[in-house]
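# Remarks on the overall topology
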Amino acid sequence: TIAEKLIERGLLQGRQEGRQEGRQEGRQEGRQEGRQEGRQEGRQEGRQEGRQEGMKKAMLTNIQQALSIRFGIKQKVYEPKLKGLSLLRLRQLNKSALTVSSLAEFEAKLQQFLITKPAVAVAGSSPLTPQRVGI
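Residues numbered from 1 in each chain as written. Predicted model: local features only at pLDDT ≥ 70, side-chain atom pairs only at ≥ 80, totals over all residues. Heavy atoms only, no water.

## Topic: the pattern of salt bridges
- By the definition in use, this model includes 2 salt bridges.
- One salt bridge connects Lys-76 with Glu-79, and the closest N-O pair in it is separated by 3.5 Å.
- Taking relative accessible area as the criterion, Lys-76 reaches 55% and is therefore assigned exposed.
- Here Glu-79 falls in the buried class, since its relative accessible area comes to 14%.
- Taking the shortest distance from any N to any O, the salt bridge between Lys-83 and Glu-79 comes out at 3.4 Å.
- Because the salt bridges share partners, they merge into one network encompassing Lys-76, Glu-79 and Lys-83. (Salt bridge = Lys/Arg side-chain N within 4 Å of Asp/Glu carboxyl O. Buried < 20%, exposed > 50% of the residue type's maximum accessible area, 1.4 Å probe, protein only.)

## Describing the confidence of the model for the chain
- Residues with a pLDDT of 70 or more make up 86% of the chain, whose mean pLDDT is 84.
- Ranking the elements of the chain by mean pLDDT puts helix H1 (residues 2–71) last, at 90, and helix H3 (residues 87–99) first, at 94.
- This stretch, residues 120–135, has a pLDDT under 50; its non-local contacts, to residues over four places away or in other chains, come to 26 contacts. (pLDDT = per-residue confidence, 0-100. Helix = DSSP H or I, 4+ residues; strand = E, 2+ residues; numbered from the N terminus. Contact = heavy atoms within 4.5 Å.)

## Section: H3
- The end-to-end C-alpha separation of H3 is 19 Å, in line with the 18 Å expected for 13 residues at 1.5 Å each.
- Considered for burial, the residues of H3 that qualify are Leu-87, Arg-89, Leu-90, Arg-91, Leu-93, Asn-94, Ser-96 and Ala-97.
- Elements in contact with the buried residues of H3: H1, helix H2 (79–82) and helix H4 (103–115). (Expected span 1.5 Å × (residues − 1).)

See below:
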């Protein structure tokens, strides 16, 4: 009958419109969730990178101060070479700056680090965990 056909067309049209609206809403919600997750991940990565960069600067300062106090050199002498090193290498050099018996010995250690790849971190130590240095 005509009424049944009209009802069937109405249902079909309603389903199509419902699917289309559902897809649009789903896309919109997906974009919003994606943006939110992206912002959160970005903030976390930014904080982590900021902490690591702060620790690198602190190690750089510690090394420069130790060399200045122990050997009477200007603090910024080695800065260009030190800036490119990893946090792990800076920690190792910081220890050396406090224990070497001569500036030549420190320079040899620095040169060694500049030409070799960084050592693998020891299990249980994190490159983001600051180590205290007594200066």
